[in-house]
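Chain and residue survey
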Amino acid sequence: MSVSFENTATNRGVVTFTIGQDKIQPALDQAFNKIKKNLNVPGFRKGHIPRAVFNQKFGEEALYDDALNAILPAAYEAAIAELGLDVVAQPKIDVKSIGKGQDWTLTAEVVTKPEVKLGAYKDLEVSVEVSKEVTDEEVDAKLENERKNLAELIVKDGAAEYEFDGGKGENHSLELGSGQFIPGFEDQLVGAKSGDEVEVKVTFPEDYQATDLAGKAAVFVTKVNEVKAKEVPALDDELAKDLDDEVETLDELKAKYRKELEAAKEIAFDDAVEGAALDLAVENAEIVELPAEMVENEVHRAMNEFMGNLQRQGISPEMYFQITGTTQEDLRKQYEADSDKRVKTNLVIEAVAAAEGFDATDEEIQKEINDLAAEYNMEVSQVSELLSPEMLKHDIAMKKAVEVITSTAKVK
């Protein structure tokens, strides 16, 4: 195989490569054997036309497309490997010459990974606004939230306050003060009693998701079917036992909640430090022109990952968009927002892994497989089939690079 590379612009170039007869002839034979099965040629049984007759009647050129499709992927990959290129997007292939008895010559317009010039990435000074301290007020707030979850709705004879059953539609339950409906809707139901009809006058927000209603005034004739009030249990040891069967007293429950909040804050603090350290490492690095194709690939990857996670939970894309009142284009814009930042961050992490010479042992690869199998509730063998050792080595090296950036960071 003859291979060459011509640089045409920053991170772009053209690969020229040939495919030899040692690859072409077997591919032509394979293409012929595939096609002849369905050929009806007078004088021959179906599927038994000799190769010489086929070439004379149809021309060997009739096999070229199928043969090329069969051998092109491997030939292209071999050319890229020989040149040592790191290609980051689908190539644009063009056939330059393809003739009988000759090597075939092709070109591939490719986009290559940009060069990353690392700056400081160890011992970085970062500041975060996440506190690891848990206050008594936060413990009390968690307790109050859990207590409210045990509240019962009791029918009352009085007027609606900021808890209400009724509203738009058939027997819709609306809690006043929840902000569930259009601004101003709930306020006009305060004081209503069971059996009342209330004309609620509102104006839809300018950014309302149903564009045909945005900014328009409306009147809702609202029938109050029933007024209820929330009755919350007393704040005592009995409540503590109802909320958690592992505790006996309210003080024990508060202590447990404090530990849970501390653990959550510890994770949030570590995540904040990691994010700040990575941001600074990226800021300190120089990336030579980020290809638009890499950013586009990242958008697709992030969207596919998000949809895949939803489907594993039994939520289809159609269901998600219906529930959220959004569209695929809305989701795309969401992931486009910081896609270039994510690409740059990954490039810097990869550069750090290379600079540090990080690799993965067989034991680390197996542990990664086991962890992924447990996380996604899959068989270990399934994960091994889906992920190649090279992919797993890459992921492990990336984790080690993130660790060296984060663990050496100093929090101001």
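Residues numbered from 1 in each chain as written. Predicted model: local features only at pLDDT ≥ 70, side-chain atom pairs only at ≥ 80, totals over all residues. Heavy atoms only, no water.

Re the nonpolar core
To be explicit about the condition: By convention a nonpolar core is built from buried Ala, Val, Leu, Ile, Met, Phe, Trp, Tyr and Cys residues, the set being connected through side-chain atoms within 4.5 Å. Exposure classes here rest on a 1.4 Å probe applied to the protein chains alone. A residue is buried below 20% of its type maximum, exposed above 50%, and partly exposed in between. The way it works is that DSSP assigns letters per residue, a run of H or I at least four long becomes a helix, a run of E at least two long becomes a strand, and they are numbered from the N terminus. Contacts are residue-level and defined by heavy atoms, with any inter-residue pair within 4.5 Å sufficient.
Counting 31 residues, the largest nonpolar core has Val 116, Val 126, Val 348, Val 352 and Ile 405 as its most contacted members. Counting only elements with at least two residues in this core, the list comes to helix 6 (250-284), helix 10 (339-356) and helix 13 (389-407). Discounting chain neighbours no more than four positions away, the residues touching Val 352 are Leu 118, Tyr 121, Ala 401, Val 404 and Ile 405. Within the second largest apolar cluster, 27 residues are counted, among which are Ile 24, Phe 32, Leu 63 and Tyr 76.

Digging into helix 7 (residues 292-312)
Our working rule: Expected helix span is given by 1.5 Å per residue-to-residue step, counting one fewer step than there are residues.
Here helix 7 is 21 residues long and its end C-alpha atoms lie 31 Å apart, about the 30 Å a rise of 1.5 Å per residue gives. Of the positions making up helix 7, those classed as buried are Met 294, Val 295, Glu 298, Val 299, Ala 302, Met 303, Met 307, Gly 308 and Leu 310. Once helix 7 ends, the next one or two residues include Gly 314, with phi positive near 85°.

Considering the layout of surface pockets
Put simply, the rule is: Put simply, the grid is 1 Å and covers the protein atoms alone, a cavity is a trapped set of points that fit a 1.4 Å probe, a pocket is an open set with protein on both sides within 12 Å along at least five of seven lines, and lining residues have an atom within 4 Å of a point. Grid points are joined across faces, edges and corners, and a volume is the space filled by probe spheres set on the points. Each residue gets one of three labels, nonpolar for Ala, Val, Leu, Ile, Met, Phe, Trp, Tyr, Cys and Pro, charged for Asp, Glu, Lys and Arg, and polar for the others, Gly among them.
Size it by volume and the largest pocket reaches roughly 1,400 Å³. Around the largest pocket sit 31 residues that line it, and Arg 301, Glu 305, Asn 346, His 394 and Asp 395 are the ones nearest its centre. Mapped onto the lining of the largest pocket, the elements with two or more residues apiece are helix 7, helix 10, helix 11 (362-375), helix 12 (380-386) and helix 13. In terms of residue class, the lining of the largest pocket is built from 15 nonpolar, five polar and eleven charged.

Here's the deal with unusual backbone geometry
With a phi close to 65°, Asn 11 is a non-glycine residue in the positive phi region. Turning to its location among the elements, Asn 11 is positioned in the loop between strand 1 (3-9) and strand 2 (12-19). The residue Asp 123 is not glycine, and still its phi comes out positive at about 55°. By the secondary structure assignment, Asp 123 is in the loop between strand 5 (116-117) and strand 6 (125-126).

Topic: the pairing of strand 10 (residues 197-203)
For clarity, the threshold we go by: If DSSP finds at least two bridges between two strands, the strands pair.
Side chains Val 198, Val 200 and Val 202 of strand 10 all project onto a buried face; the interleaved residues Glu 197, Glu 199, Lys 201 and Thr 203 project onto a face where none is buried. Sheet analysis places strand 10 next to strand 11 (residues 217-223), joined by seven bridges and oriented antiparallel. Directly across from Glu 199, in strand 11, lies its bridge partner Val 221.

Examining the packing of helix 10 against helix 13
Spelled out, the test is: Each axis is a line fitted through C-alpha atoms, and for a helix only the stretch in contact is used; angles between axes span 0 to 180 degrees, taken between their N-to-C directions. If an angle is under 35 degrees, it is roughly parallel; if it is over 145, roughly antiparallel; if it lies from 65 to 115, roughly perpendicular; otherwise it is oblique.
Remark: helix 10 packs on helix 13, axes separated minimally by 8 Å, with the N-to-C direction vectors making an angle of 90°. Relative to helix 13, the element helix 10 lies roughly perpendicular. Contact with helix 10, carried on its side by Asn 346, Ile 349, Glu 350, Val 352 and Ala 353, involves His 394, Ala 397, Met 398, Ala 401, Val 402, Val 404 and Ile 405 of helix 13 and no other residues of that element. Classifying every residue of the contact of helix 10 with helix 13 gives nine nonpolar, two polar and one charged.

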